[in-house]
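Each chain, written out:
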Amino acid sequence: MDLKQKLEQVSRLFCIEGTFLGYNTIQVGNVNKTYEVRFLMDNGHAKSFLIQNVNTYAFRHPVELMDNIDKVTEHIRRKKPGQIALHFHHTADRKIYVVDGENFWRMTNFIPSITHSSVMNCNVVRNAGEAFGEFQMQLSDFDISKLHETIPDFHNTRKRYAQLQAAIEADPMGRVKQVQKEIDWLMQVQEDACRLTDMQQAGELPMRVTHNDTKINNVLFNPDDDSAIVVVDLDTVMPGLVGHDFGDAIRFAANTVPEDSEEYEKAGVDLNIFRAFAEGFLHKTANTLTKTEIDTLALSCPTLTVELATRFLADYILGDPYFNIKYPEHNLVRTHCQIALAKSMWENLGEMERIVQDCIAGA
């Protein structure tokens, strides 16, 4: 059976009727295989859907992952009657996935839109902040005990440091002697970087439903005015801290260079982008967050940046088994860039905290 036949077969299992017209391969995304399939419906109109073949090597518990997604998306849809919302289609027996041998399929509605991978437009960033903030707000009353922790300790910074220490002790490639300066700096900031994890474990920060991959390109935008339509890519939705989503969004969007730039000495936090995202995010969430959550939003930015630096460095030390690399020092360059960004964030922490308070006052 060729791919065209397979995609039509999968569509029928998701109860899609009409005449199958064909498909396009969607190139965005590095983990799952995504296809737009087109049907001529009985009313005479053409309609598109998205089918994904989920990478079950990357996501080892796909059924639990899809259970999380189903509960979260249906919770949001109930709050947005008649509005555009992400919707996963069900099979005749009410499953939102189809298992076909080694293939694990899912289907969503297709939403005409554009995405932005690299943005210095404050209006786009502000709209993305609103989108992720609205995602948090819509789920602020969701019972997190209903969610599976599909990637345990994903943002447990102390455990990320423990993994780095284990990599240093193993040193299978003999690389530790080359990166002692980077190790020393990361160890120097360990206690500050682990504050959010410690506060959560002490009960000072509440667990919420978090997206955990708040890159700007996970927001679909209206091509006419760059308004945000919907947040997508919910594979990492789990219980977490609001700072995990805020800090990682800033880490991705507000760096003055790409995260793997070889000109890492130019890395730094763009405070205009920081303000734009914070304005949008807090415009939606200010009334749902605790004072402690608000007071630690700025700290979440260097925290998430340092955490990723420990992951990149550990991967480099171990011979790059996890992150895809384009050249031998790629993970080391990524480490340098994250460290430079984290240094800039800590230097600007006071100003970032003031911006957060300004945004709260204006929310």
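Use the structure listed above.
Thresholds, definitions, all that
Residues numbered from 1 in each chain as written. Predicted model: local features only at pLDDT ≥ 70, side-chain atom pairs only at ≥ 80, totals over all residues. Heavy atoms only, no water. Helix = DSSP H or I, 4+ residues; strand = E, 2+ residues; numbered from the N terminus. Rg over C-alpha atoms; globule rule 2.2 N^0.38 Å. Buried < 20%, exposed > 50% of the residue type's maximum accessible area, 1.4 Å probe, protein only. Contact = heavy atoms within 4.5 Å. Areas by Shrake-Rupley, 256 points an atom, 1.4 Å probe, with all protein chains shown as cover. Lys, Arg positive; Asp, Glu negative; His and termini not counted. Charge placed at Lys NZ, Arg CZ, Asp CG, Glu CD. Expected span 1.5 Å × (residues − 1). Polar contact = N/O pair within 3.5 Å; in protein donor to acceptor, adjacent residues only side chain to side chain. Pairing = 2+ DSSP bridges. Axes fitted to C-alpha atoms, helices over the stretch in contact; angles between N-to-C directions. Phe/Tyr/Trp six-rings, centres within 6.5 Å; stacked < 30°, edge-to-face > 60°. Lys NZ or Arg CZ within 6 Å of the ring centre and 35° of its normal. Left-handed = near helix turned anticlockwise from the far one by under 90°. Nonpolar A, V, L, I, M, F, W, Y, C, P; charged D, E, K, R; others polar.

Chemist: Just checking my understanding: could you explain the overall build of the chain for this structure?
Modeler: In terms of helices and strands, the chain carries 13 helices and nine strands. The C-alpha atoms of the chain give a radius of gyration of 21 Å, which matches the 21 Å a tight globule of 363 residues would have. Summarising its shape, the C-alpha atoms of the chain cover approximately 65 × 50 × 40 Å along the three principal directions. Residue burial in the chain is summarised as follows: out of 363 residues, 52% are buried. Partitioning the intrachain contacts of the chain with sequence separation of at least 6 by distance along the chain shows that 72% fall at a separation of at least 24. Per element, the accessible surface of the chain, about 16800 Å² overall, is 47% carbon and sulfur. Looking at the chain, you have 36 positive and 51 negative side-chain charges, and the mean spots of the two groups are 3 Å apart.

Chemist: Please clarify how helix H4 (residues 157-170) should be interpreted in this entry.
Modeler: Every α-helix carries 3.6 residues per turn, so stepping three or four residues along brings you back to the same face. For H4, spanning 14 residues, the distance from its first C-alpha to its last is 20 Å, which sits close to the expected 20 Å at 1.5 Å a residue. Buried-residue contacts for H4 involve helix H5 (180-188), helix H6 (190-193), helix H7 (195-201) and helix H11 (297-317). Regarding H4, its N-cap is Asn156, as a side-chain oxygen of that residue lies 3.2 Å from the backbone nitrogen of Arg158 further along. A positive phi of about 40° marks Asp171, the residue just after H4.

Chemist: Would you mind going over the sheet that holds strand S2 (residues 33-40) with me for this structure?
Modeler: In any sheet, the strands associate via hydrogen bonds between backbone groups, in a parallel or an antiparallel arrangement. Reading across the sheet, the five strands line up as S1-S2-S3-S5-S4 and stay open at both edges, with antiparallel pairing between neighbours. Looking at the sheet topology across the chains shown, the edges are occupied by strand S1 (19-26) and strand S4 (98-100). Averaged over all adjacent pairs, the angle separating strand axes in this sheet is 30°, with direction ignored. Packing against the sheet, helix H1 (residues 3-13) makes contact with S1, S2, strand S3 (46-53), S4 and strand S5 (103-109), and its axis sits at approximately 115° to S1.

Chemist: Any chance you could explain unusual backbone geometry here in plain terms?
Modeler: Trans peptide bonds make up most of the peptide bonds, and negative phi angles are found at most residues other than glycine. Its identity as a non-glycine residue notwithstanding, Asp171 has a phi of 40°, on the positive side. Of note, Asp171 is situated in the loop between H4 and H5. With a relative accessible area of 24%, Asp171 lands in the partly exposed category. The phi torsion at Asp226 lies on the positive side, around 60°, for a residue other than glycine. Locating Asp226 in the fold gives a position in the loop between strand S7 (219-221) and strand S8 (228-231).

Chemist: Is there a simple way to think about the packing of aromatic side chains in this case?
Modeler: The geometry of an aromatic ring pair is captured by two quantities: the separation of the ring centres and the angle between the planes. Here the structure, examined in full by the defined rule, presents 12 aromatic pairs. In this structure, Arg175 is placed above the aromatic ring of Tyr316, and the distance from its NZ or CZ to the ring centre is 4.3 Å.

Chemist: For this particular structure, what's the right way to read the packing of helix H3 (residues 122-138) against helix H9 (residues 271-285)?
Modeler: Geometrically, a packed helix pair is captured by the angle between its two axes and the distance between the axes. Between H3 and H9, whose axes approach to 7 Å, the crossing angle comes to 30°. As for the relative orientation of H3 and H9, their crossing is right-handed in sense. Side by side, H3 and H9 meet where Cys122, Val125, Arg126, Ala128, Gly129, Glu130, Phe132, Gly133, Glu134, Gln136 and Met137 of the first sit next to Asn272, Ile273, Ala276, Phe277, Glu279, Gly280, Phe281, His283, Lys284 and Thr285 of the second. Residues that form the contact of H3 with H9 fall into these classes: nine nonpolar, seven polar and five charged.

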